[in-house]
Amino acid sequence: DLRTLATVTRCVRSYGLDNGLDALPAVAQRLGMRVVLGVWIGREPAVNQQQLDRALQLAAAYPDTVQMLVVGNEVLLRRELTPEALAALLAQARKRSTVPVAYADVWEFWLRHAKVLREHVDVVAIHVLPYWEDDPVHVNDAVVHVSATVAQMRREFAPQRVWLAETGWPAAGRQRGPAVPGPVQQTTFVRGMLQAATVGGV
């Protein structure tokens, strides 16, 4: 998989370290790729600590490959930890890490819990998914929505770095208001996002 990805990108993001994914930094290093290494955080404190400890070891062992740790993905969205419990893990990670530390969640959850979380991360990693918004967005307006949301978050969290960690459009599924899934819509969105990224819009 990484050999295939290496033909189109120089960086890959992971979400956890189970099922052999802790080998990712070593393989990526051989292929000249960089890794945003994910630490899967859930309800079990012991498992969370194991994931964090292993990720910190890998970041130290592969300093030229692991460029950031993302400690937790949509933990608050899933309601698996309180913001305070998550902040404690982030604080520990940031104290021990040799690379920048981020937490990734839907942008609205970042706004809701900014006071608790922001001082414990180097990077605010946000997910902006126009199809899945509480007020879904038509594909023709989706790229503008993503760009505007990223700009809003950068204003809210300045001078911290805000990173668009997830976006996209589904190729299949049910219609959500004006948001219609499909391969044509997905292609429209991806091409629009690539163009926006090229001109610095996201």
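Right above here is the structure, for reference.
The structure displayed is predicted, hence computed values, not measured ones.

A. Seen up close, empty space enclosed by the protein. Scanning all chains against the criterion turns up 1 cavity of 30 Å³ or more. In this structure, the largest cavity encloses a volume near 30 Å³. Lining the largest cavity we find Arg13, Ser14, Tyr15, Gly38, Val39, Val70, Gly72 and Asn73. Mapped onto the lining of the largest cavity, the elements with two or more residues apiece are strand E2 (34–39) and strand E3 (66–73). At 3 residues, E3 tops the list of elements feeding residues into the lining of the largest cavity. Each residue belonging to the lining of the largest cavity can be placed in one class, and the counts come to 3 nonpolar, 4 polar and 1 charged.

B. Main features of the packing of aromatic side chains. For the structure on display, the rule yields 5 aromatic pairs. Their ring planes at 85° and their centres at 4.7 Å tell us that Tyr131 and Trp132 sit as a pair that is edge-to-face. In textbook terms, an aromatic cluster arises when at least three aromatic residues are bridged by ring pairs, as seen for Tyr131, Trp132, Trp169 and Phe189. The cationic tip of Arg112 hangs over the ring face of Phe109; the distance from NZ or CZ to the ring centre is 4.5 Å. The ring of Tyr131 carries Arg176 above its face, with NZ or CZ at 5.9 Å from the centroid.

C. Inspection of unusual backbone geometry at higher detail. The omega torsion across Ala158 and Pro159 is 10°, close enough to zero to call that bond cis. Here the phi dihedral of Asn19 falls at roughly 55°; this positive angle occurs in a residue that is not glycine. Positionally, Asn19 belongs in the loop between strand E1 (11–13) and helix H2 (24–30). Judged by relative accessible area, which is 84%, Asn19 ranks as exposed. A positive phi angle, close to 60°, is found at Arg79, a residue other than glycine.

Rules used in this analysis
Residues numbered from 1 in each chain as written. Predicted model: local features only at pLDDT ≥ 70, side-chain atom pairs only at ≥ 80, totals over all residues. Heavy atoms only, no water. 1 Å grid on protein atoms, 1.4 Å probe; cavity = no way out; pocket = protein on both sides within 12 Å on 5 of 7 lines; lining within 4 Å. Points joined across faces, edges and corners; volume = space filled by probe spheres on them. Helix = DSSP H or I, 4+ residues; strand = E, 2+ residues; numbered from the N terminus. Nonpolar A, V, L, I, M, F, W, Y, C, P; charged D, E, K, R; others polar. Phe/Tyr/Trp six-rings, centres within 6.5 Å; stacked < 30°, edge-to-face > 60°. Lys NZ or Arg CZ within 6 Å of the ring centre and 35° of its normal. Buried < 20%, exposed > 50% of the residue type's maximum accessible area, 1.4 Å probe, protein only.

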